[in-house]
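Reading the structure
Listed below are the residues making up each chain.
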Amino acid sequence: MIDRPMPQPGILKIAPYVPGKSQAAPGVVAIKLSANESPLGASPAALAALTEASRSPEIYPEGTSRVLREALGEVHGLDPDRIVCGNGSDDLLHLLAQCYLGEGDEAVMSRHGFNVYPIVTMGASAEIVMAPERDYRADVDALLGAVTPRTKMLFLANPNNPTGTYLGGEELERLRAGLRPDILFVLDSAYAEYVTSEDYDVGISLVNRAENVVMVRTFSKMGLAGSRIGWMYAPAHVVDVVNRIRGPFNVNRPAQFAGAAAARDTGFTEMLRAYNARWRDWLTRALSGNAIRVVPSEANFVLALFADAETSKAAFQALFDEGLIVREIGVYGIDNGLRISIGPEPAMRRLVEVLRAFGAPGARD
Ligand SMILES: *Cc1c(COP(=O)(O)O)cnc(C)c1O
């Protein structure tokens, strides 16, 4: 006899989430470079829309996030009926896992892939299958090699968090073409707004060409992380399935209007991309060769690799003492690296000064 309520199998396998630090030592002003938030805040148009819609908290949101889907449709040239919005893209990742995974199923992901994928997979009581990477980059052959008859889903963040690396359009297409049609390919383009590489494919054409590809996006990295707005573009049959299970008002009203305004403010997005690219390059050059290896990034952060875990920990502490909070990524299986978000210029300069003075020994290149 079971003497208490029991969760679904899989739930208790999930290690409780440990967030990155966000507070500095007493008396030190914290500069948060640990959550890949926007380096330039939010679009002024989005802020105005947020403020305006916040004046009517008594009104329910429109359930399908119509204003937001229409804005996204207009800006990205998509059919709004093939878009589903979520309370952040985490919401959509959970819903997709719940809809398409169950006990006995497997979901394939890359070794250093985004850590929400294991959570949603285990939450649906399915099994995680991790494919090895090549030098911190997803490997198409390894991903395809990890597929078994039980595989129902494949997750790929492109560019990936926490490595910042990406697969080009041709490799993505090779991955898609190699998957059985009953496997849902969840392509998470969370950092699309920051990519500058020319052979990048955000995923829209893949969704259009197949019945088993979903592109998932977020506003979190472009200034609206606190508003929790994500969206997905998917085949009609997937849209129908997810709409049956999602919360009927899963995106709040201010968020819908702020998201719509942010989507249309392409000038701000352009400015973000340019600022980020400039300081991403600068930071990569300034840190490289200083006993630190910086993995080439297409996102709004870089992964800095140190000689060993001990050095990485000491570097984290040296930065922390100065109020610069970066992300330790042991949970991703990388204990000798720190993920550093691109932030305001003074923070970038200070960070480089601290790491240079710190003089991490034992370069690894
Ligand atoms: C930040 C991030 C998300 C977005 O999460 P939200 O729930 O939209 O804030 C999704 N995927 C990846 C790879 C991310 O890094």
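Just so we're clear, the structure is a prediction, and the values are computed from it rather than from any experiment.

Let's talk about the site of the ligand
Taken together, 13 residues lie around the ligand, and Asp188, Thr218, Ser220, Lys221 and Arg228 are the ones closest in. Lysine 221 is positioned such that a nitrogen or oxygen atom in its side chain is 3.0 Å from an oxygen atom of the ligand. Relative to its free-state accessible area of 390 Å², the ligand is covered by the protein chains to the extent of 93%. Judged by the fraction of its atoms near the pocket grid, the ligand is located in the largest pocket. Across the shell around the ligand, the residue classes tally to four nonpolar, five polar and four charged.

Looking at the domain arrangement of the protein
Often the size quoted for an interface is simply the accessible area lost on bringing the parts together. When cut into domains, the protein gives domain 1 (18-41 + 267-358) and domain 2 (44-264). Computed over C-alpha atoms only, the centres of domain 1 and domain 2 are separated by 25 Å. Facing the 30 residues of domain 1 at the interface are 28 residues of domain 2. Counting the surface domain 1 buries against domain 2, the share from its top three residues, Arg273, Glu298 and Tyr332, is 32%. The interface formed by domain 1 and domain 2 holds one salt bridge in total.

Here we look at the UniProt feature "modified residue: N6-(pyridoxal phosphate)lysine" (unreviewed entry) in the protein
Per the UniProt entry, the sites bearing "modified residue: N6-(pyridoxal phosphate)lysine" (unreviewed entry) are Lys221 in this numbering. Here lysine 221 lies in the loop between strand 7 (213-218) and strand 8 (230-233). A relative accessible area of 15% means that lysine 221 is categorised as buried. In this structure, lysine 221 is in contact with Ala35, Asn36, Glu37, Ser38, Ala190, Tyr191, Tyr194 and Asn300, ignoring residues within four places of it in sequence. Polar contacts involving the side chain of lysine 221 include one to the side chain of tyrosine 191, which spans 3.2 Å.

Digging into empty space enclosed by the protein
The tally for this structure, following the rule as stated, stands at one cavity of 30 Å³ or more. Of the volumes computed, that of the largest cavity is approximately 90 Å³. In terms of lining residues, the largest cavity is bounded by 17 residues, among which Ser110, Ala138, Leu156, Ala157 and Asn160 are the most central. Elements represented by at least two residues in the lining of the largest cavity include exactly strand 3 (106-110) and strand 5 (151-157). When residues in the lining of the largest cavity are grouped by element, the largest group, three residues, is from strand 5. The residue inventory of the lining of the largest cavity, partitioned by class, reads nine nonpolar, six polar and two charged.

Structural notes on the sheet that holds strand 9 (residues 293-295)
The pairing of strands in a sheet comes from backbone hydrogen bonds and takes either a parallel or an antiparallel form. Read across the sheet, four strands follow the order 9-10-13-12 without closing on themselves; strand pairing throughout is antiparallel. Only two strands of the sheet have a single partner each, and these edge strands are strand 9 and strand 12 (327-328). Where strand 10 (residues 301-305) meets strand 13 (residues 337-341), five bridges bridge the pair, whose relative direction is antiparallel. Each residue of the ladder has a partner; that of phenylalanine 301, found in strand 13, is serine 341. Across the sheet, helix 10 (residues 266-287) lies against strand 9, strand 10 and strand 13, angled at about 10° from strand 10, the strand it touches most. Helix 11 (residues 309-321) rests against strand 12 and strand 13 of the sheet, and its axis sits at about 35° to strand 13.

Description of the sheet that holds strand 5
Sheet architecture is open: seven strands sit in the order 2-8-7-6-5-3-4, paired in mixed fashion. Edge positions in the sheet fall to strand 2 (83-86) and strand 4 (127-131), since each of these pairs with one other strand and no more. Taking each pair of neighbouring strands and ignoring which way they run, the sheet shows an average axis angle of 20°. As judged from the four bridges shared by strand 6 (residues 184-188) and strand 7, these two strands associate in the parallel manner. Following the sheet pairing, valine 186 is matched in strand 7 by valine 214.

Remarks on the side chain of threonine 311
Looking at the element boundaries, threonine 311 is found in helix 11. Overall, the relative accessible area of 11% leaves threonine 311 in the buried class. There is a polar contact of 2.5 Å between the side chain of threonine 311 and the side chain of aspartate 308.

About the thresholds
- Residues numbered from 1 in each chain as written.
- Predicted model: local features only at pLDDT ≥ 70, side-chain atom pairs only at ≥ 80, totals over all residues.
- Heavy atoms only, no water.
- Near = heavy atom within 4 Å.
- Polar contact = N/O pair within 3.5 Å; in protein donor to acceptor, adjacent residues only side chain to side chain.
- Areas by Shrake-Rupley, 256 points an atom, 1.4 Å probe, with all protein chains shown as cover.
- 1 Å grid on protein atoms, 1.4 Å probe; cavity = no way out; pocket = protein on both sides within 12 Å on 5 of 7 lines; lining within 4 Å.
- Sits in = over half its atoms within 2 Å of the grid points.
- Nonpolar A, V, L, I, M, F, W, Y, C, P; charged D, E, K, R; others polar.
- Domains from an automatic or database assignment.
- Contact = heavy atoms within 4.5 Å.
- Buried area = accessible area lost by both parts, 1.4 Å probe.
- Salt bridge = Lys/Arg side-chain N within 4 Å of Asp/Glu carboxyl O.
- UniProt positions renumbered as here; feature names shortened; annotations may be inferred.
- Helix = DSSP H or I, 4+ residues; strand = E, 2+ residues; numbered from the N terminus.
- Buried < 20%, exposed > 50% of the residue type's maximum accessible area, 1.4 Å probe, protein only.
- Points joined across faces, edges and corners; volume = space filled by probe spheres on them.
- Pairing = 2+ DSSP bridges.
- Axes fitted to C-alpha atoms, helices over the stretch in contact; angles between N-to-C directions.

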